[in-house]
Amino acid sequence: MKQHSTFEEHLRKSNLSENTITSYLWTVEYYHAHYDAVSKENLLAYKGYLMEFYKPKTVNLRIQAMNKYLVYLGKDKLQLKAVKVQQKNFLENVISNADYNFLKKQLKKDGNMEWYFVVWYLAATGARVSELIQIKIEHVELGYFDLYTKGGKLRRLYIPKKLRTETIEWLEETNRASGYLFLNRYGERITTRGISQQLKNYADKYGLDKKVVYPHSFRHRYAKNFLEKYNDIALLADLMGHESIETTRIYLRRTSSEQQALVDKIVTW
């Protein structure tokens, strides 16, 4: 597929992540394997198939990929419309402050300092797990870490003072002065999969609900806590690297368990 390699080059020119490029290429390959030509009928048939078997979010990712491909082919007029994603009006499966603090305390008590800091960094910087693994000791000393987000925009991830101070003490005790902050037992940079798996293990060990102990859950916690203390949604959107403030608005909503507790308290008639 000669066309394919040039589509790949085309994608590489735009500031897309490796994962996105892989996913877009996979979609186009899948399309060509199952449909004989790029036509309105075939595209609509593909969209119908996606809608039948996948969640709206996945459908839209595939549509996005095909639309990029259609633009590349100069067939802009054939672009597909995204499907509506019904936004829930509550946040699900977010770790509570009590569970977060309990987990942190237990990890420290058991001497699992590395994981104590992983959990603390996730909740105190709002980092995505893919960003967390890029933090270096030099960034801790600086107090922040600059990243380029999906859209090629700069985002500065701040490391709060209390966390900085404690990290530096820990690094001095372990005689580390440079390199990635979080390493696995072989001294290599930790992987995102390694983090997710290990957090599940600790949830098991400490009797916490595994549904709320995953990396992104701590990012949600960061946002909820931030807004409770300082109600500035535009600032939070910047700190979290959201393209649109609409994405951040979900944090003004309550989690389903908070909604339940409020209803239990209020509705007594």
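Residues numbered from 1 in each chain as written. Predicted model: local features only at pLDDT ≥ 70, side-chain atom pairs only at ≥ 80, totals over all residues. Heavy atoms only, no water.

1. Describing the overall build of the protein
Stage number 1. On a plain count of helices and strands, the protein comes out with 14 helices and two strands.
Stage number 2. In terms of principal-axis extent, the alpha carbons of the protein reach across some 60 × 60 × 35 Å.
Stage number 3. Within the protein, the proportion of its 269 residues that are buried is 39%.
Stage number 4. For the protein, long-range pairs separated by at least 24 residues make up 61% of all intrachain contacts whose partners lie at least 6 apart in sequence.
Stage number 5. Accessible surface computed for the protein: about 16100 Å², of which carbon and sulfur atoms make up 51%.
Stage number 6. If you average the places of the 43 positive and of the 30 negative side-chain charges in the protein, the two averages end up 4 Å apart. (Helix = DSSP H or I, 4+ residues; strand = E, 2+ residues; numbered from the N terminus. Buried < 20%, exposed > 50% of the residue type's maximum accessible area, 1.4 Å probe, protein only. Contact = heavy atoms within 4.5 Å. Areas by Shrake-Rupley, 256 points an atom, 1.4 Å probe, with all protein chains shown as cover. Lys, Arg positive; Asp, Glu negative; His and termini not counted. Charge placed at Lys NZ, Arg CZ, Asp CG, Glu CD.)

2. Topic: helix H5 (residues 97–109)
Stage number 1. Under the 1.5 Å per step criterion, the end-to-end length of H5 is 18 Å for 13 residues, consistent within 8% with the ideal 18 Å.
Stage number 2. On its buried side, H5 packs onto helix H6 (113–125), helix H10 (192–205) and helix H11 (215–229).
Stage number 3. Two residues or fewer past H5, Gly-111 is found with a positive phi of approximately 75°. (Expected span 1.5 Å × (residues − 1).)

3. Side note on the packing of helix H2 (residues 18–34) against helix H4 (residues 56–72)
Stage number 1. Two elements in contact, H2 and H4, have axes separated by 9 Å at closest approach and are oriented at 80°. In terms of orientation, H2 lies roughly perpendicular with respect to H4. Contacts from Ser-23, Tyr-24, Trp-26, Thr-27, Val-28, Tyr-31 and His-32 in H2 reach Leu-61, Arg-62, Gln-64, Ala-65, Met-66, Lys-68 and Tyr-69 in H4.
Stage number 2. When grouped by side-chain class, the residues that make up the contact of H2 with H4 number eight nonpolar, four polar and two charged. (Axes fitted to C-alpha atoms, helices over the stretch in contact; angles between N-to-C directions. Parallel < 35°, antiparallel > 145°, perpendicular 65-115°, else oblique. Nonpolar A, V, L, I, M, F, W, Y, C, P; charged D, E, K, R; others polar.)

4. Examining the packing of aromatic side chains
Stage number 1. Going through the model one piece at a time under the given rule, you end up with 23 aromatic pairs.
Stage number 2. When the centroid spacing of 5.0 Å and the interplanar angle of 20° are considered together, the rings of Tyr-31 and Tyr-35 count as stacked. Neither residue differs from the other here; Tyr-31 and Tyr-35 are each classed as buried.
Stage number 3. A centroid spacing of 6.1 Å and a plane angle of 10° characterise the contact between Phe-117 and Trp-120, whose relative ring orientation is stacked. (Phe/Tyr/Trp six-rings, centres within 6.5 Å; stacked < 30°, edge-to-face > 60°.)

5. What about the pairing of strand E2 (residues 154–158)?
Stage number 1. Only one face of E2 is covered, namely the one carrying Arg-155 and Leu-157; the face carrying Leu-154, Arg-156 and Tyr-158 has none of its residues buried.
Stage number 2. Relative to E2, strand E1 (residues 144–148) runs antiparallel, the two sharing five bridges. Bridging across to E2, Phe-145 finds its partner in Leu-157. (Pairing = 2+ DSSP bridges.)

6. Examining unusual backbone geometry
Stage number 1. Notably, Asn-175 is not glycine yet its phi reads approximately 55°, a positive angle.
Stage number 2. Classification of Asn-175 as exposed rests on a relative accessible area of 69%.

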